[in-house]
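Structure at a glance
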Amino acid sequence: MLFKKYILKLLPLLLLCLLFSGCGTKEPIRRNGFYFDTIISITLYDPSKTKELEHCFSMAETYEQYFSTSIPDSDISKINAAAGKPVQVHEETLELIQKGITYAQLSNGKFDITLGKLTDLWDFQAKTPSVPDAEAAAAAADTIDYRNIQINGNEISLSDPDSAIDLGGIAKGYIADKMKSYLLSQGVTSGLINLGGNVLTIGEKADGSAYSIGIQRPFDETGASIASVSVKDRSVVTSGIYERCFEQDGIRYHHILDTGSGYPYDNGLLSVSIICKDSTDGDALSTACFALGLVQGMKLVESLEQTEAIFITSDEKLHTSSGIGTEIPMKTN
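First things first, this report covers the structure right here in the doc. Since the model is a prediction, treat every value here as computed from it, not as a measurement.

1. Description of the side chain of Ser 286
As for its position among the elements, Ser 286 is in helix H8 (residues 279–302). On the accessibility criterion, Ser 286 (0% relative accessible area) is buried. Excluding residues that lie within four positions of it along the chain, Ser 286 makes contacts with Val 237, Thr 238, Ser 239, Val 272 and Ile 274.

2. A word on the packing of helix H4 (residues 91–106) against helix H7 (residues 171–185)
The relative placement of two packed helices is expressed as an angle between their axes plus a distance between the axes. Packing of H4 against H7 leaves a shortest axis separation of 11 Å and a crossing angle of 125 degrees. Between H4 and H7, the interaxial angle falls into the category oblique. For the crossing formed where H4 meets H7, the hand is right-handed. Contacts between H4 and H7 pair Glu 92, Glu 95 and Leu 96 from the former with Ala 171, Tyr 174 and Lys 178 from the latter.

3. Description of the side chain of Asp 177
Note on placement: Asp 177 falls in helix H7. Look at Asp 177: it is buried, it has no salt bridge, and the nearest opposite charge is Lys 180 at 6.6 Å. A polar atom in the side chain of Asp 177 sits 2.6 Å from the side chain of Thr 280. If sequence neighbours within four positions are ignored, Asp 177 has contacts with Leu 200, Asp 278, Ser 279 and Thr 280.

4. Considering the pattern of salt bridges
What the rule picks out here adds up to nine salt bridges. Here Arg 31 makes a salt bridge to Glu 54, at a shortest N to O gap of 2.5 Å. On the criterion of sequence distance, the pair formed by Arg 31 in strand E1 (residues 29–35) and Glu 54 in helix H2 (residues 50–67) is long-range, its members being 23 residues apart. Here Asp 233 ties to Lys 180 by a salt bridge, and the two come within 2.7 Å at their closest N and O atoms. Of this pair, Asp 233 sits in the loop between strand E9 (225–231) and strand E10 (235–240) while Lys 180 is found in helix H7, placing the two residues 53 residues apart along the sequence. Given a relative accessible area of 23%, Asp 233 falls into the partly exposed group. You can call Lys 180 buried: its relative accessible area is 7%. Each of Lys 180, Asp 233 and Lys 277 takes part in one network of salt bridges that share partners.

5. What about unusual backbone geometry?
One non-glycine residue with positive phi stands out, namely Asp 37, at about 60 degrees. Phi at Gln 306 takes a positive value of approximately 50 degrees, unusual for a residue other than glycine. Relative to the helices and strands, Gln 306 is located in the loop between H8 and strand E14 (308–313). What makes Gln 306 exposed here is its relative accessible area of 57%.

6. With respect to the pairing of strand E13 (residues 269–276)
With eight of eight residues buried, E13 lies mostly within the body of the structure. In terms of strand pairing, E10 meets E13 through six bridges, oriented antiparallel. Paired with Val 237 across the two strands is Ile 274, which belongs to E13. In this structure, E13 lies alongside E14, joined through six bridges in antiparallel fashion. Bridging across to E14, Val 272 finds its partner in Phe 311.

7. A look at H7
Between its terminal C-alpha atoms H7 stretches 21 Å, which fits the 21 Å expected from 15 residues at 1.5 Å a residue. Across the 15 residues of H7, eleven count as buried, placing the element largely inside the fold. Buried residues of H7: Ala 171, Lys 172, Gly 173, Tyr 174, Ile 175, Ala 176, Asp 177, Met 179, Lys 180, Tyr 182 and Leu 183, and no others. Along its buried surface, H7 packs onto strand E2 (38–44), H2, H4, strand E6 (190–195), strand E7 (198–203) and H8. Where H7 ends, the next residue or the one after it, Gly 187, has phi of about 85 degrees, a positive value.

8. Focus on the environment of Asn 80
In this fold, Asn 80 is placed in helix H3 (residues 75–81). Separated by 129 residues in sequence, Asn 80 and Ser 209 have C-alpha atoms that sit 46 Å apart. When near neighbours in sequence (up to four residues on either side) are disregarded, Asn 80 contacts Leu 158, Ala 164 and Ile 165.

Criteria and thresholds
Residues numbered from 1 in each chain as written. Predicted model: local features only at pLDDT ≥ 70, side-chain atom pairs only at ≥ 80, totals over all residues. Heavy atoms only, no water. Helix = DSSP H or I, 4+ residues; strand = E, 2+ residues; numbered from the N terminus. Buried < 20%, exposed > 50% of the residue type's maximum accessible area, 1.4 Å probe, protein only. Contact = heavy atoms within 4.5 Å. Axes fitted to C-alpha atoms, helices over the stretch in contact; angles between N-to-C directions. Parallel < 35°, antiparallel > 145°, perpendicular 65-115°, else oblique. Left-handed = near helix turned anticlockwise from the far one by under 90°. Lys, Arg positive; Asp, Glu negative; His and termini not counted. Salt bridge = Lys/Arg side-chain N within 4 Å of Asp/Glu carboxyl O. Polar contact = N/O pair within 3.5 Å; in protein donor to acceptor, adjacent residues only side chain to side chain. Pairing = 2+ DSSP bridges. Expected span 1.5 Å × (residues − 1).

Below is the structure:
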């Protein structure tokens, strides 16, 4: 079962490799790895940039050491274990936490990085995940409030010692942006960063055309896409209920958790894809908009500049923001 899960994660990456083959005269260089509990892939269309490609994976390792909740001496683990005492953190950790607070405010707490106790309770990585009882879920939900995060210089503390930070809803996007920034500084002009479905394009193809990024058909075991968008120098991030889920007593439970009830959202959505400039924003917004639901989520997207979205509802219908099809061409499959 575990092997099958990783194969399903790899299929969209293989699809992207096919989409980008023949993008110019230069042969691409690629590397895959496993970080942040997912498969990541980076493709550069300049064979002279091998060292730069390798450095991106060093960056992935470094940031995992900062942000992971499963590494005992990471910044986040130290904050969560400090019982409310201040912890000095790296500059990147501080920056990412501040980003998380911004999106918590923007979504009225629907996106909240202090859901660590709740994500621990719902262990989707377990061999046999199970539904927690209602009392435990409610107790974990009561610890969620981004306003518990206190910042003093580069020190972070939690005013509620029972609260816990989990950056899983925003970290991959942030890391992708950092990788892209580094690659641009090294003269890379064309490439693709894919951190477990967080896709970030660098520039355009060598021939000047756009990249075609597939939007996965929910629960399709082959990883086939339901649509694709054409983008240049943009991020495409999807949050979907098919990414991590299990069934118990005939009911499917997924990993996008309601910070109010402590249980997965049941709002008629299968996935939300965000297309925008920065992957950090796309990562947070895809979760926030899913949590807000179709109407309010679309309203938030339309209020933001250079941000578009594709919502897929339980009947597999696509609902798109106003710029899809005009500013951003889309093809349905």
